Amino acid sequence: MQRRDIIRATLAGMGTLVGSGTLWAQKYPSGTVTIVLPLQAGSASDVAVRHMAERLASRFGSGFVVENVAAAAGVVGLDRLSRAKPDGQTIAALNNSITTILPHLQPQNVKVDTRRDFLPVTGIANIPTFFAVPRNSPIRNIQDLLEHARKEPDRITYSSGGVGSPQHLATEMLKSYTGIKLVHVPYRGASQAALAAASGEVSLMSMALSLAQPFLPDGRVRFIGYCGAERHPQFPQVPTLQEQGVAKYDYSSWIGLFLHKDAPAEVLATLRKASEAIVNDPALQAQIQRSGMDPWPRNAEQLARIVAEDYARWQTIIKEAGIQGS
């Protein structure tokens, strides 16, 4: 074969690769990738996403930088993501609050369809949540709480990081499922709300394990119920709310990665494959556990189903509770 024929054959082969997307997939990413997280730096979700970013950078040999866009309860972050070029160089890190709750709280402000505009890549972590009371509280369990709330419907207070926060919604779910009345005391953030519960300023808080950890060694807070469907392995002595008579109660706060729906299919497939391998790595899972979270290696199909189920459930709860975002 002459040199000219060899060149033609090589170019034809390259054209085939480009057409099939293989060449593009091999080149991903083309420079630093930005992971936009519409939550505060230092939050449990932020910690999990940064663990993930480190491993993605190592796997691809390129930088993966986390950008926190925490304004307006996530609305600004969603807007930032919707305007980003859909080439795979910008990844969305979204939790259940932003994906399945915020659209019902602020429909006038959320200009994207979180179920359809962002395609799931992988789940990363689940944030264990417990109902906690101050050390000297007379409330010993969930049934105690229900009895106190029914006897004194305007006396039992609960703290949260603000309207629409995970702590607020987890408690509203409890109210919706039991019919009790509790008084909401919002704070400027989840950390301040946890401190209020530990100091006895409020009666109760739906508290992530990562928030509770500073108050557990000296017993400033006590767990009276776990919000998940099964007992947490680190606290097997704490029964779930379902075990304590609150049928179907199952609250979890998860964080996962998503990509814009218009991103190239080859890039989506490449990112999914790499991310699923990472979240199933025992080393990452151990790191997540040390940070007060549970590994949550959900694949794209599982994550899509969870988003759809959570979206419908929160739509009902928010409507029944009459909750409105700012």
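Note that the coordinates shown come from a computational prediction; the quantities given were computed from them, not determined experimentally.

What counts and how
Residues numbered from 1 in each chain as written. Predicted model: local features only at pLDDT ≥ 70, side-chain atom pairs only at ≥ 80, totals over all residues. Heavy atoms only, no water. Pairing = 2+ DSSP bridges. Helix = DSSP H or I, 4+ residues; strand = E, 2+ residues; numbered from the N terminus. Right-handed = clockwise from strand over helix to strand, strands pointing away. pLDDT = per-residue confidence, 0-100. Contact = heavy atoms within 4.5 Å. 1 Å grid on protein atoms, 1.4 Å probe; cavity = no way out; pocket = protein on both sides within 12 Å on 5 of 7 lines; lining within 4 Å. Points joined across faces, edges and corners; volume = space filled by probe spheres on them. Nonpolar A, V, L, I, M, F, W, Y, C, P; charged D, E, K, R; others polar. Axes fitted to C-alpha atoms, helices over the stretch in contact; angles between N-to-C directions.

Undergrad: Which parts of the structure should I look at to understand the pairing of strand β2 (residues 64-68)?
TA: In the case of a regular strand, side chains alternate between the two sheet surfaces. Pairing geometry for strand β1 (residues 33-37) and β2, over 5 bridges, is parallel. Its bridge partner being in β2, Val-33 is matched across the sheet by Phe-64. Handedness of the crossover joining β1 and β2 through helix α3 (residues 44-60) is recorded here as right-handed.

Undergrad: Would you explain the confidence of the model for the protein chain in this entry?
TA: Segments scoring low in pLDDT should not have their predicted coordinates read at a detailed level. Mean pLDDT over the protein chain works out to 89, with 91% of the residues at or above the 70 mark. Put simply, helix α1 (residues 3-20) is where the protein chain has its lowest mean pLDDT, 41, and strand β9 (residues 221-226) is where it has its highest, 98. When the criterion is pLDDT under 50, residues 1-25 qualifies, and its contacts beyond four places in sequence or with other chains add up to 10 contacts.

Undergrad: Help me understand the layout of surface pockets, please; the structure alone is not making it clear to me.
TA: Summary: where empty space remains is shown by rolling a probe the size of a single water molecule over the atoms. Space inside the largest pocket adds up to approximately 1100 Å³. Leu-39, Ser-165, Pro-166, Gln-167 and Ala-190 are, among the 44 residues lining the largest pocket, the residues nearest its centre. Going through the elements one at a time, α3, α5 (96-105), α7 (166-178), α8 (190-199), β8 (204-208) and α9 (209-212) are the ones with two or more residues in the lining of the largest pocket. For the lining of the largest pocket, the per-class residue count stands at 20 nonpolar, 23 polar and 1 charged. Of the voids in this model, the second largest pocket is the one considered here, and its volume is about 470 Å³. Those elements giving two or more residues to the lining of the second largest pocket turn out to be β11 (294-295) and α12 (300-321).

Undergrad: For this particular structure, what's the right way to read unusual backbone geometry?
TA: Among all residues except glycine, the phi angle is most often negative; among peptide bonds, the trans geometry is most common. Note the cis peptide between Tyr-28 and Pro-29, where omega equals -5°. Looking at the secondary structure, you find Pro-29 in the loop between α2 (22-27) and β1. The residue Lys-248 is not glycine, and still its phi comes out positive at about 70°.

Undergrad: What exactly am I supposed to notice about the sheet that holds strand β5 (residues 129-134) here?
TA: The pairing of strands in a sheet comes from backbone hydrogen bonds and takes either a parallel or an antiparallel form. Taken in spatial order, the 5 strands make up an open sheet running β7-β6-β8-β5-β9, and their pairing is mixed. The sheet is open, and its two edges are formed by β7 (183-186) and β9, each paired on a single side. The average undirected angle you get between the axes of adjacent strands in this sheet is 35°. As judged from the 2 bridges shared by strand β6 (residues 157-160) and β8, these two strands associate in the parallel manner.

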